[in-house]
Amino acid sequence: MKNLCLTLLLFANVCHGQTLTYDQTQDINVASNFSNGDTLSIYTLKDGSEIKLGSELKFGTPLNTNKLFSRLWFGEYTIAKAILLGPPIQLADGYTGEKVIVTAIKVQHTKLTKKSPLQIYLFVQNPTASALARNRTIADLEMAIETKEVINPNAAMTREQAIIKLKEAKDLVDLGMMSQVEFDELKSKLTPIIIKKE
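The shown structure was predicted, so the numbers you read here are calculated from the model rather than taken from an experiment. (Residues numbered from 1 in each chain as written. Predicted model: local features only at pLDDT ≥ 70, side-chain atom pairs only at ≥ 80, totals over all residues. Heavy atoms only, no water.)

Caption draft 1: Spatial organisation of the overall build of the protein chain. A tally of helices and strands in the protein chain yields 7 helices and 11 strands. Across its three principal axes, the protein chain shows a C-alpha extent of roughly 65 × 55 × 30 Å. Counting all 198 residues of the protein chain, 33% fall into the buried class. The long-range fraction of contacts in the protein chain, counting pairs at least 24 apart against all pairs at least 6 apart in sequence, stands at 58%. Carbon and sulfur atoms make up 58% of the accessible area of the protein chain, which totals about 12000 Å². (Helix = DSSP H or I, 4+ residues; strand = E, 2+ residues; numbered from the N terminus. Buried < 20%, exposed > 50% of the residue type's maximum accessible area, 1.4 Å probe, protein only. Contact = heavy atoms within 4.5 Å. Areas by Shrake-Rupley, 256 points an atom, 1.4 Å probe, with all protein chains shown as cover.)

Below, the structure is given as structure tokens:
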């Protein structure tokens, strides 16, 4: 009974606030309350950083050797379009480095049942492209970031990145290009990231 009440409370909060976290997308009790195509205003990634309407992202490099992005598609692609038009048109490596703005955050079940986890799809726009060619779809956002097809400039710093930054700062102290006070401030800021248990 306690779990049911907690799930209902969590669901009410998620639906009214239109927010979702990565952990919630993997929780079948939460995911089963969403339909394909439901829209969010904020999504919290696995690394803890947030994607909101208006967030800026950057396209990385294609994962495939054929120089096509596997999770970046031309236009705003939906299941209805897939049924009517067939498979999506993948973006080519010429889009590497393109900066885009998030215009919609959508959920999609990983299987043809509501009793499956959710993936996050984004509709994004390149504001500098012509009106007919500015829309893009990012499918399975977490995987697109993990494979570096999408770069989140607001991503939380990883443990490895914090260690590298601290080592570089130590070298700067040794070279006399950074004061010990500046190094100590940076070290106190990075220490929680470095000692965080994963």
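Caption draft 2: Structural detail: the pairing of strand 6 (residues 68-74). Burial within strand 6 is extensive, with 5 of its 7 residues counted as buried. Two strands pair when backbone bridges link them, and strand 6 and strand 7 (residues 90-92) are joined in this way by 2 bridges, in the antiparallel orientation. Bridge assignment links Leu68 to a residue of strand 7, and that residue is Ala92. When strand 6 meets strand 10 (residues 135-138), the two strands line up antiparallel, connected through 3 bridges. Bridged to Phe74 within strand 10 is Arg136. (Pairing = 2+ DSSP bridges.)

Caption draft 3: Structural view of the sheet that holds strand 3 (residues 42-44). Judged by pairing direction, the sheet is mixed, and its 3 strands sit side by side in the order 1-3-4 without closing on themselves. Whereas interior strands pair on both sides, the edge strands pair on one side only; in this sheet they are strand 1 (19-21) and strand 4 (50-52). Averaged over all pairs of adjacent strands, the angle between strand axes in this sheet comes to 15 degrees, irrespective of strand direction. Sheet topology note: the strand 1/strand 3 ladder contains 3 bridges and is parallel. Across the sheet, the residue bridging to Thr21 is Thr44, located in strand 3. (Axes fitted to C-alpha atoms, helices over the stretch in contact; angles between N-to-C directions.)

Caption draft 4: Quick peek at the side chain of His109. Along the polypeptide, His109 turns up in strand 8 (residues 99-109). Within polar-contact distance, the side chain of His109 engages the backbone oxygen of Phe34 at 2.7 Å. In this structure His109 touches Ala31, Ser32, Phe34, Ser35, Asn36, Lys114, Ser116, Pro117 and Leu118, once residues within four positions along its chain are discounted. (Polar contact = N/O pair within 3.5 Å; in protein donor to acceptor, adjacent residues only side chain to side chain.)

Caption draft 5: Structural view of the layout of surface pockets. What the largest pocket holds in volume is close to 500 Å³. Considering the residues around the largest pocket, the lining is formed by 16 residues, among which Asp47, Ile145, Lys148, Ala155 and Thr158 are closest to the centre. Looking at the lining of the largest pocket, the elements that each hand over two or more residues are helix 5 (141-146) and strand 11 (150-151). Per-element tally for the lining of the largest pocket: the top contributor is helix 5, with 3 residues. Considered class by class, the residues forming the lining of the largest pocket number 8 nonpolar, 3 polar and 5 charged. (1 Å grid on protein atoms, 1.4 Å probe; cavity = no way out; pocket = protein on both sides within 12 Å on 5 of 7 lines; lining within 4 Å. Points joined across faces, edges and corners; volume = space filled by probe spheres on them. Nonpolar A, V, L, I, M, F, W, Y, C, P; charged D, E, K, R; others polar.)

Caption draft 6: Region of interest: the packing of aromatic side chains. According to the stated counting rule, one finds 3 aromatic pairs in the structure shown. Relative to Phe69, the ring of Phe59 lies with its centre 6.2 Å away and its plane at 50 degrees, an arrangement referred to as tilted. Taken together, the residues span a long stretch of sequence, with Phe59 in strand 5 (residues 56-59) and Phe69 in strand 6 at a distance of 10 residues. Centre to centre, the rings of Trp73 and Tyr121 are 6.2 Å apart; their planes meet at 55 degrees, and the pair counts as tilted. Taken together, the residues span a long stretch of sequence, with Trp73 in strand 6 and Tyr121 in strand 9 (residues 118-125) at a distance of 48 residues. Residue class for Trp73 comes out buried when judged on its relative accessible area of 13%. (Phe/Tyr/Trp six-rings, centres within 6.5 Å; stacked < 30°, edge-to-face > 60°.)

Spatial relationships are all this shows, so hold off on functional conclusions.
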